[in-house]
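# Observations on chain architecture
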Amino acid sequence: MSDRQQQRSGPDRPAQQNLERLIAGRREKLERLTEQGVEPYPYAYDRSHTSTEIRAQEQSLTTAGTRVRYAGRIMAKRGTGKTLFVPIQDDAGQIQAYFRKDDLGVERFKQIQKLVDIGDWIGVEGSVFRTKSNELSIAVEDFTFLAKSIRPLPEKYHELSLEVRSRQRYLDLIMNQPTRERFRLRAAILAEVRAFFATEDFLEVETPVLQPLYGGATALPFTTHHNALDMRLYLRIADELYLKRLIIGGLEKVYEIAKDFRNEGMDRTHNPEFTMLECYAAYWDYHDMLDLTERLLRRLAERFGRAGQVPYGEQTLDFTQPFARVRFLDALAERLGCDPLALDDDALAELARKHDIETGPGKGRDKLLDELFGRLVEPTLIQPTFVLDHPQELSPLAKAHRSETGLVERFELFACGFELANAFSELNDAHEQRARFAAQQALQRAGDAEAQPLDEDFLQALEYGMPPTAGLGVGFDRVIMLLTDSHNIRDVLLFPHLRPEPHQEQPSDARGDQPE
RNA sequence: GCGCCGCUAGCUCAAUUGGCAGAGCAACUGACUCUUAAUCAGUAGGUUCGGGGUUCGAUUCCCUGGCGGCGUACCA
């Protein structure tokens, strides 16, 4: 190790010399601790109380004079000569440790004063008390070194950049209590969703991530390769076609919460891998599913908002009343000021171009209507709103509308200007489904790369008969964004997708992936 | 993808018209027995993201590559 410290003219980048010095200094302290007989990386520490428990039990702990054993990361050191105040952070918060030279002796005090750094892990043992300035503290009688941090923590009173927060999430978690709270909340919301589906009698299932053919959504997949079978596989873009196979199998109510993968752009509401909630119920139509969606969102808003009101930026979203409902074409007509169905193809294309939407082969009428809707209507849907009855071409897996030709029985839920959920009465006529797939293939030939492929295996399953069924997909990360007042999906993903840093080179002998 | 903006010490940020690259925190040395952004005195820390160009001289201007932010497009 000392050889490396002496290495001045090596390949190390000069810009890192200062950091190297800081690290070398901490390694040196580690060596000196070891020389003094301190085990630098012990195997366990038997703590008696967490910070939460100490705060909750302060009264009894102080009156009884109980010795507590508390552990965590050192977040600061404030020395006043022969005493030292050290805030120690555990999972839930911080408790200040109070070291006195007179209590610990010269050598032990010198260890904590000189050889222990901000960022190190430590266990302290002593009694709980309040300082003169009324700070809850532990008067340390003994301490145990638990682990060394050889890199300096970020500076303490400025925010980390979004990049550092995302790329080095552990630093964000160390430095920012709200980040910890946000991810605890995410876990609580997930648990609440599972509890909801349990009360609704849904069965939680798991379906394949690696699929021989992708389907169930309009999106581009990630491709990989299975060596043993020497075959191309796709990471799923949706769970839909497998969950429907389960409905066909007679599991009447199923749901899955899992990662889907879409090989598309990233922005504040999109990450290449994201968590999707999908559920399917036999004998239901999309009206039943709409009711379930409203029950779910209302329950989450009541549990995690303020009595069903959810603050989001400047807005407050109200989930207590029945959500607004608007038909797709009506909403679009209102924004356009004319009936889009009354326009001929040329007029529609011109209208699209007027709103900066590309036209051309592979973009049918319905696709243009959808893009116009996305451009003109979606951003205006702040309060929770159901949009119903979409054009058929956009929804090759949805059942035709029972009374409106050219439309399907479908709804999307919007809030905060983005889509939260998508559902339909599922198409269960195998013959019709085959025709819809054929239409998708025609679109694909015309240049629509996202058109859905024909899934012969799924069609075979469907030919055994699927009962009337409604299905729902919910962008779970977006629900988390909504309920935690987060405005970038990266804030609700512990490890959002980022470009690798230049020094993180990929192994050149990587196997399994097939370059596309 | 495209457009705009950014990248300076471990972290957060300065630097006049192109003229010696600075501060706070962190680190190091010392003082201090109730601090809490502890305080006080001092020290050290830089290939200004990489490469190229213009110039007597580039953190600054130009080109190019990398990464990031915001906007925009497709999608949950």
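Residues numbered from 1 in each chain as written. Chains lettered and ligands numbered in written order. Predicted model: local features only at pLDDT ≥ 70, side-chain atom pairs only at ≥ 80, totals over all residues. Heavy atoms only, no water.

## Re the packing of aromatic side chains
Under the criterion given, the structure shown has 14 aromatic pairs. Look at Y98 and F129: their rings are 5.7 Å apart centre to centre, the planes differ by 50°, and that puts the pair in the tilted class. Here Y98, found in strand β4 (residues 94-100), pairs with F129, found in strand β5 (residues 121-130); they are 31 residues apart in sequence, far enough to count as distant. Since its relative accessible area comes to 17%, Y98 is described here as buried. Taken together through their ring pairs, the aromatic side chains of F196, F197, F202, Y255 and W284 make up a single cluster. Note that R108 overlies the ring of F143, its terminal NZ or CZ placed 3.9 Å from the centroid. Here R245 stacks its cationic end above the ring of Y242, 4.4 Å away from the centre of that ring. (Phe/Tyr/Trp six-rings, centres within 6.5 Å; stacked < 30°, edge-to-face > 60°. Helix = DSSP H or I, 4+ residues; strand = E, 2+ residues; numbered from the N terminus. Buried < 20%, exposed > 50% of the residue type's maximum accessible area, 1.4 Å probe, protein only. Lys NZ or Arg CZ within 6 Å of the ring centre and 35° of its normal.)

## Brief notes about the domain arrangement of chain A
Here the domain parsing of chain A yields domain 1 (16-147) and domain 2 (174-323 + 383-492). Each partner contributes to the interface: domain 1 provides seven residues, whereas domain 2 provides five residues. For the domain 1 and domain 2 pair, buried surface summed over both sides reaches about 450 Å², with 34% attributable to carbon and sulfur atoms. Taken together, domain 1 and domain 2 are joined by one salt bridge. (Domains from an automatic or database assignment. Contact = heavy atoms within 4.5 Å. Buried area = accessible area lost by both parts, 1.4 Å probe. Salt bridge = Lys/Arg side-chain N within 4 Å of Asp/Glu carboxyl O.)

## Points about the packing of helix α11 (residues 286-304) against helix α17 (residues 476-483)
When two helices pack together, their arrangement is given by the angle between their axes and by how far apart the axes lie. At a minimum axis distance of 11 Å, the contact between α11 and α17 shows a crossing angle of 35°. Classified by chirality, the crossing of α17 by α11 is right-handed. Facing α11, whose interface residues are L297, L300, A301 and F304, α17 presents V479, L482 and L483. Looking at the contact of α11 with α17 residue by residue, the class counts come to seven nonpolar, no polar and no charged. (Axes fitted to C-alpha atoms, helices over the stretch in contact; angles between N-to-C directions. Left-handed = near helix turned anticlockwise from the far one by under 90°. Nonpolar A, V, L, I, M, F, W, Y, C, P; charged D, E, K, R; others polar.)

## Considering the pattern of salt bridges
Enumeration over the complete set of coordinates arrives at 40 salt bridges. In this structure, R26 and D117 form a salt bridge, with 3.9 Å as the shortest nitrogen-oxygen distance. Of this pair, R26 sits in helix α2 (residues 17-35) while D117 sits in the loop between α6 (106-115) and β5, placing them 91 residues apart in sequence. Its relative accessible area of 11% is what places R26 among the buried residues. Among the ionic pairs, R184 bridges to E181, the shortest N-O distance being 3.5 Å. Here R184 pairs with E181, and both are found in helix α9 (residues 177-199), just three residues apart, close to one helical turn.

## Some thoughts on the pairing of β4
Extensive coverage of β4 is indicated by the burial of five of its seven residues. Across seven bridges, the pairing between strand β3 (residues 83-89) and β4 is antiparallel. From the neighbouring strand, V86 faces β4, where its bridge partner is A97. Here β3 folds back onto β4 in antiparallel fashion, the turn holding four residues. Two strands pair when backbone bridges link them, and β4 and strand β6 (residues 136-147) are joined in this way by three bridges, in the parallel orientation. Opposite A97, over in β6, you have I138 as the bridge partner. (Pairing = 2+ DSSP bridges.)

## Some words on the packing of helix α13 (residues 345-354) against helix α14 (residues 365-376)
Running from N to C, α13 and α14 cross one another at 30°; their axes reach a closest spacing of 10 Å. With respect to α14, the element α13 is oriented roughly parallel. Classified by chirality, the crossing of α14 by α13 is left-handed. Facing D345, L348, A349, L351 and A352 of α13, the residues of α14 in contact are R365, L368, L369 and L372. (Parallel < 35°, antiparallel > 145°, perpendicular 65-115°, else oblique.)

## Some points on the sheet that holds strand β18 (residues 418-425)
One open sheet holds the eight strands; their spatial order is β7-β11-β12-β19-β18-β17-β16-β15, and the pairing between them is mixed. Edge strands, defined here as strands with exactly one partner in the open sheet, are β7 (203-204) and β15 (324-327). Strand direction decides the pairing type here: strand β12 (residues 273-282) and strand β19 (residues 469-475), joined by seven bridges, are antiparallel. Paired with L277 across the two strands is V474, which belongs to β19. Those strands touched by helix α12 (residues 328-336) are β15 and β16 (385-388), and its axis lies near 80° from that of β15.

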